[in-house]
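# Structural characterization, general
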Amino acid sequence: GLPSAASRVRGPSARCAGAGERRDRSLAIGLLSTAALAPQICVVGSGPAGFYTAQHLLKHHRLARVDIYEKLPVPFGLVRFGVAPDHPEVKNVINTFTQTAHSDRCAYYGNVTIGKDVMVKELQRAYHAVVLSYGAEDNQILGIPGENLSTVYSARAFVGWYNGLPENRDLKPDLSSETAVVLGQGNVALDVARVLLSPLDILRTDITEGSLAAIACSKVKRVWLVGRRGPLQVAFTIKELREMINLPGTRPLLDPADFTGLGDVIKDVPRPRKRLTELMIKSALEKPGEKEAARWASATKEWGLKFQRSPLEVLPAADGKQARGIRMAVTRLEGSGESARAVPTGEVEELECRLILSSIGYRSLPLDSSIPFDPKLGIIPNSLGRVQGAPGLYCSGWVKRGPTGVIITTMNDSFDTAQSVLEDLQMGVLNLSNSKEGFKSVRSILHSRGVHPVTFSDWEKIDAAEVARGKLAGKPREKIVDPQEMLQLISH
Amino acid sequence: MHNRLEPVQTAAVKQGVPEPISLPSCCPCSAAALSKGEVCVGAELKALSAAGWYRSASASGNGGRAGTAPVFQWWQEVTGSDCVSPTTPLPASRVNVVFIDRSGHRIPVQGRVGEDVLHLAQRHDIELEGACEASLACSTCHVYVSQELLDKLPVPDEREEDMLDLAPQLQENSRLGCQIILTKELEGAEFTLPKITRNFYVDGHVPKPH
């Protein structure tokens, strides 16, 4: 701190008192301006992108202060609200983020909506650098008739529902029919299928009480994952596929015709695609082992993959409100590999179902009219994380690259954006001689607008309450799904 | 009766050097344990203090090099305690390996038999992340090993291969650090961290006061 530095500066030499004093004063002023040269950085969004960006900045700059803003009272974004309840190890990363939040140069401010409670321009006045890491809160739409029928949901909303995301707590998905169709063949589609079909004891984790009760009454026995393209274009990954194949009480429905001859095609493809396809081929074409055969024979639930079907229309039931089925175009593939395109053949097929979950991708939204945004790509235009045409503005995570990838992709990407910020600090592109007040000025703005930020230690109170409630129910936590309840708990 | 040892405060002391530790002044390790090649931490600490790496709190003057934090940290992590018990021998062997960090710097470190490479990296402040904390649910601890080492290591578990499939810049010699367990055979092994960002890490400098 400054006092001890100043005392080091005060030299012992009595002979040079006059000159020493002058030197002391200028050095003390210099040290004061050193303190003023601590970069003030703010990060918008407290998911993995926000936290990994903050972590890297704090580690590689000895003075930088990083404030993380979050619109919900509670932190961690998709780690809390996206990762499936039966994947608790993936959530271990929360421990890393908690360590970052505990750094004395880091502060967390929840319950603050950037773009509403405070604008990005106001943040830019308060901070040397603003990093936008707010992810993708919306989903891609199908753009077909009937998609707004009452029993059609986005997978994003369904995941939010079982994970306790406040805005989805009243979803009340209709689980009263036997067959569900999931449009899309990514990891989110598999998550949704697995949650619909899993034995309840596997699900009984930090899934919300309300959704667990609803799933316990579910009639869903069969889930189809429908993709526009073929087996070589599935977007899910091998760990999740293996989990699905081995899901107790279920059997896979894989049409051998979809996989015959595929073994030859994948001889030279990159390893991840090869191993994934080999697993599908094996499950579809090889005779199952004894244990597996017994499990499949006694299974009461099933799931399958349908390929080369592109949704055309959701068909309404007699009441005109619910769905009764989906009409799909049969496609053929033009080109191969990751860039293959699905082209309609003219043939059409219908699949009877009531519950339809659209899992065709998340989508970012523009935060604030002042920020450049590419609506077609759904990202903030940037170069190496520097927002184009907006000095002092950066972005990391899904809002920078698009809404795909796992934790390591976001981690690398966030470190990369942090690098850009550090370079700009070092090169003087970010002018530190303009002193910035950081949270001090934001606090008064928020106060004047009646907004009360939630601190990290407030979150820890909410966390403790959730864990305590969970203990009573034999779960790792019982999530609080009402933001008002969260705020009351911390007496806001 | 406990001696208090404290780490020598020299310029070489890295951050994270542990707090002073209570150490029993006698060290009654059983001869049987010692004959198996096991090492008593108490004896080891006494030897280090004799070599000047650590000095007792009452001593004055300059000490030697900074103490070897790994021994204490490892012990603290394993037992969760600051107190070194003389009656619990440790597995003997140290394993010397080298990390090549993301900027290409070679960092020699000392590990212990039975320790995994992620844990070893992290207690030496090497920037290897372990998001899922060694539960085979991510690939953030991805490292490259030499072909020679690859042949020595046990074949990866299918679950490790599944996670490696998601690692950027996957190579033939890729492994997950959390799954590599140190043995004496790995003496001299090198672990290279993939370059995950552009170029070097820029460390924030503090501009000179003016």
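This report concerns the structure included in the present document. Small disclaimer: the values here were computed from a predicted structure and weren't measured.

Each value, and the rule that gives it
Residues numbered from 1 in each chain as written. Chains lettered and ligands numbered in written order. Predicted model: local features only at pLDDT ≥ 70, side-chain atom pairs only at ≥ 80, totals over all residues. Heavy atoms only, no water. Helix = DSSP H or I, 4+ residues; strand = E, 2+ residues; numbered from the N terminus. Buried < 20%, exposed > 50% of the residue type's maximum accessible area, 1.4 Å probe, protein only. Contact = heavy atoms within 4.5 Å. Axes fitted to C-alpha atoms, helices over the stretch in contact; angles between N-to-C directions. Parallel < 35°, antiparallel > 145°, perpendicular 65-115°, else oblique. Left-handed = near helix turned anticlockwise from the far one by under 90°. Nonpolar A, V, L, I, M, F, W, Y, C, P; charged D, E, K, R; others polar. Buried area = accessible area lost by both parts, 1.4 Å probe. Salt bridge = Lys/Arg side-chain N within 4 Å of Asp/Glu carboxyl O. Polar contact = N/O pair within 3.5 Å; in protein donor to acceptor, adjacent residues only side chain to side chain.

Take unusual backbone geometry next. Residue and element names in this part refer to chain B. Residues other than glycine seldom take positive phi values, yet Asp125 does so here, at roughly 60°. Mapping Asp125 onto the fold places it in the loop between α4 (117-123) and β6 (142-145). Its identity is not glycine, yet Leu136 carries a phi of approximately 55°, on the positive side. Along the polypeptide, Leu136 turns up in the loop between α4 and β6.

Attention now moves to the environment of Ile462(A). Residues and elements named next belong to chain A. Considering the arrangement of structural elements, one finds Ile462 in helix α18 (residues 456-472). Classification of Ile462 as buried rests on a relative accessible area of 0%. It is 9.1 Å that separates the C-alpha atoms of Ile462 and Lys479, two residues lying 17 residues apart in sequence. In contact with Ile462, other than residues within four places in its own chain, are Val74, Ile480, Met486, Leu489 and Ile490.

Residue and element names in this part refer to chain A. Running from N to C, helix α3 (residues 48-60) and helix α5 (residues 93-101) point in directions that differ by 50°, and their axes come no closer than 10 Å. With respect to α5, the element α3 is oriented oblique. By crossing handedness, the relation of α3 to α5 is classed as left-handed. Across from Pro48, Phe51, Tyr52, Ala54, Gln55 and Leu58 in α3, the residues of α5 making contact are Val93, Thr96, Phe97, Thr100 and Ala101. Looking at side-chain class alone, the contact of α3 with α5 contains eight nonpolar, three polar and no charged residues.

Each partner contributes to the interface: chain B provides 33 residues, whereas chain A provides 38 residues. Roughly 3500 Å² is buried in total at the junction of chain B and chain A, and carbon and sulfur atoms are behind 56% of that figure. Across the contact surface, chain B and chain A share six salt bridges. Asp165(B) is the partner of Arg271(A) in a salt bridge, and the nearest nitrogen-oxygen pair spans 2.7 Å. The tally of links between chain B and chain A comes to 13 residue pairs in polar contact (both at pLDDT 80 or more). Its residues assigned to classes, the side of chain B that touches chain A comprises 17 nonpolar, seven polar and nine charged.

All names here are of chain A. In the structure shown here, the tally under the stated rule is 44 salt bridges over all chains. A salt bridge links Glu466 to Arg80, with the shortest nitrogen-to-oxygen separation between them at 2.7 Å. Of this pair, Glu466 sits in helix α18 while Arg80 sits in helix α4 (residues 77-81), and the two are 386 residues apart along the sequence. Given the relative accessible area of 5%, Arg80 is considered buried.

Before going further, it helps to examine the side chain of Asp117(A). Relative to the helices and strands, Asp117(A) is located in the loop between β3 (106-109) and α6 (120-126). Contacts of Asp117(A), omitting those with residues within four sequence positions, involve Asn111(A), Val112(A), Ile445(A), Leu446(A), Arg449(A) and Val451(A).

Attention now goes to the side chain of Thr179(A). All names here are of chain A. For Thr179, the position within the fold is in strand β7 (residues 179-183). On the basis of relative accessible area, Thr179 is assigned to the buried category, the value being 13%. At 2.8 Å, the side chain of Thr179 forms a polar contact with the side chain of Arg222. If we ignore the near neighbours within four places in the chain, the residues touching Thr179 are Arg222, Trp224, Glu352, Cys353, Arg354 and Leu355.

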